[in-house]
Amino acid sequence: MLGPVGVDVYGKAIRDRDLFFQMLGIGASCHHDAEGVNAALVEHWTKRRLTGRHARKVCDFNELILAVRYFERIHQLDVVARLLIRYDDQLLPAERRVLEDIWPHAERARWASGSIGTGPDLSGLDGIGLPLQVFLEAEAAIAGRQPPSPPTPLTPEAEAEEERELEREFWELLQKLERQIERQR
């Protein structure tokens, strides 16, 4: 279900056990839930994802960025600001740094206290949040090292060669599996 007609489905995705589906639900809600139908779900989800964050085995750096985007879209920044201020000690270092860049702590605190402040600068977000490179640069800066360089794009010839090599490996693996099946018969 795509578009505004899928808002209920996005809510189900937010409640799914798998973080990937949760993120899809939040991302789709950012784009299509202008009425705030999933606001209570996203608020609960954000609180749950912030609680005990340092102990979590799996996190997605864009979790909180998408929550901010969602509440900005439905004009309820105070909701996410209160959560971010309340659970500020749970933010991962790279998240904290990136969040500070897009929505400084003082502005979040202003919104959380009931005043209207400056909203977040979400201009760098694409359909699924911020590019991974932003978080890698933040982590590198925190660690005092140079950020990793983005990979050099392959030439069309090198890309075609890589594709041929992957296809060759696929067929070798398939033949190996077929031989194993034959031996088991």
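Residues numbered from 1 in each chain as written. Predicted model: local features only at pLDDT ≥ 70, side-chain atom pairs only at ≥ 80, totals over all residues. Heavy atoms only, no water.

A. View of the pattern of salt bridges. Taken as a whole, this structure holds 11 salt bridges when the rule is applied. Here Arg-49 makes a salt bridge to Glu-63, at a shortest N to O gap of 2.7 Å. Of the two residues, Arg-49 sits in helix H3 (residues 39-50) while Glu-63 sits in helix H4 (residues 62-73), which places them 14 residues apart along the sequence. According to the relative accessible area criterion, Arg-49 is buried, its value standing at 6%. A cluster of three or more residues bridged by salt bridges with shared partners is formed by Arg-49, Arg-53, Glu-63 and Glu-95. (Salt bridge = Lys/Arg side-chain N within 4 Å of Asp/Glu carboxyl O. Helix = DSSP H or I, 4+ residues; strand = E, 2+ residues; numbered from the N terminus. Buried < 20%, exposed > 50% of the residue type's maximum accessible area, 1.4 Å probe, protein only.)

B. Structural view of a negative patch on the surface. Taken together, the side chains of Glu-159, Glu-162, Glu-163 and Glu-167 make up a negatively charged region of the molecular surface. Assignment of secondary structure puts Glu-162 in helix H9 (residues 156-184). (Patch = residues over 30% accessible without salt bridge, like charges linked within 9 Å, V, L, I, M, F, W, Y side chains within 5 Å. Areas by Shrake-Rupley, 256 points an atom, 1.4 Å probe, with all protein chains shown as cover. Lys, Arg positive; Asp, Glu negative; His and termini not counted. Charge placed at Lys NZ, Arg CZ, Asp CG, Glu CD.)

C. Examining the environment of Gly-6 more closely. Position of Gly-6 relative to the elements: it lies in the segment before helix H1 (7-14). We classify Gly-6 as buried; its relative accessible area is 0%. Sequence separation between Gly-6 and Asp-33 is 27 residues, and the spatial gap between their C-alpha atoms is 8.8 Å.

D. Inspection of unusual backbone geometry at higher detail. Positioned with a positive phi, His-75 is a non-glycine residue whose angle comes to about 60 degrees. Locating His-75 in the fold gives a position in the loop between H4 and helix H5 (77-86).

E. A look at the environment of Gln-90. One can find Gln-90 in the loop between H5 and helix H6 (93-102). Residue classification places Gln-90 among the buried positions, given a relative accessible area of 16%. Residues Gln-90 and Arg-49, spaced 41 residues apart in sequence, show a C-alpha to C-alpha distance of 9.6 Å. Leave out the neighbours within four places in its chain, and Gln-90 touches Leu-50, Thr-51, Gly-52, Arg-53 and His-54. (Contact = heavy atoms within 4.5 Å.)

F. Here's a closer look at a nonpolar patch on the surface. Taken together, the side chains of Phe-20, Phe-21 and Leu-24 define a hydrophobic patch exposed on the protein surface, amounting to about 310 Å² of accessible area. Secondary-structure assignment places Phe-20 in helix H2 (residues 19-32). You can call Phe-20 exposed: its relative accessible area is 53%.

G. Representation of H6. Restricting attention to buried positions, one finds in H6 the residues Ala-94, Glu-95, Val-98, Leu-99 and Ile-102. Looking straight down H6, one finds its buried side chains confined to an arc of 125 degrees; they lie on one side. On its buried face, H6 is in contact with H4, H5, helix H7 (105-112) and helix H8 (132-143). (Arc of directions from axis to C-beta.)

H. Layout of the layout of surface pockets. Each pocket or cavity is described by its volume, and for the largest pocket that value is around 260 Å³. Elements with a minimum of two residues in the lining of the largest pocket: H2 and H4. Per element, the largest residue contribution to the lining of the largest pocket is six residues, and it comes from H2. The residue makeup of the lining of the largest pocket, split by class, is seven nonpolar, four polar and one charged. (1 Å grid on protein atoms, 1.4 Å probe; cavity = no way out; pocket = protein on both sides within 12 Å on 5 of 7 lines; lining within 4 Å. Points joined across faces, edges and corners; volume = space filled by probe spheres on them. Nonpolar A, V, L, I, M, F, W, Y, C, P; charged D, E, K, R; others polar.)

I. Just the side chain of Arg-108, in detail. You can see Arg-108 is positioned in helix H7. Not counting the four nearest positions on each side in its chain, Arg-108 is found in contact with Ala-81, Leu-84, Ile-85, Asp-88, Leu-91, Leu-99, Glu-100 and Trp-103.

J. Focus on the packing of H4 against H6. In the contact formed by H4 and H6, the axes pass within 10 Å of each other and the chain directions differ by 30 degrees. Considered as vectors, H4 and H6 are oriented roughly parallel to each other. Of the two elements, H4 crosses H6, and the hand of that crossing is right-handed. Listed contacts from H6 to Leu-64, Ile-65 and Val-68 of H4 are Glu-95, Val-98, Leu-99 and Ile-102. Taken together, the residues of the contact of H4 with H6 sort by class into six nonpolar, no polar and one charged. (Axes fitted to C-alpha atoms, helices over the stretch in contact; angles between N-to-C directions. Parallel < 35°, antiparallel > 145°, perpendicular 65-115°, else oblique. Left-handed = near helix turned anticlockwise from the far one by under 90°.)

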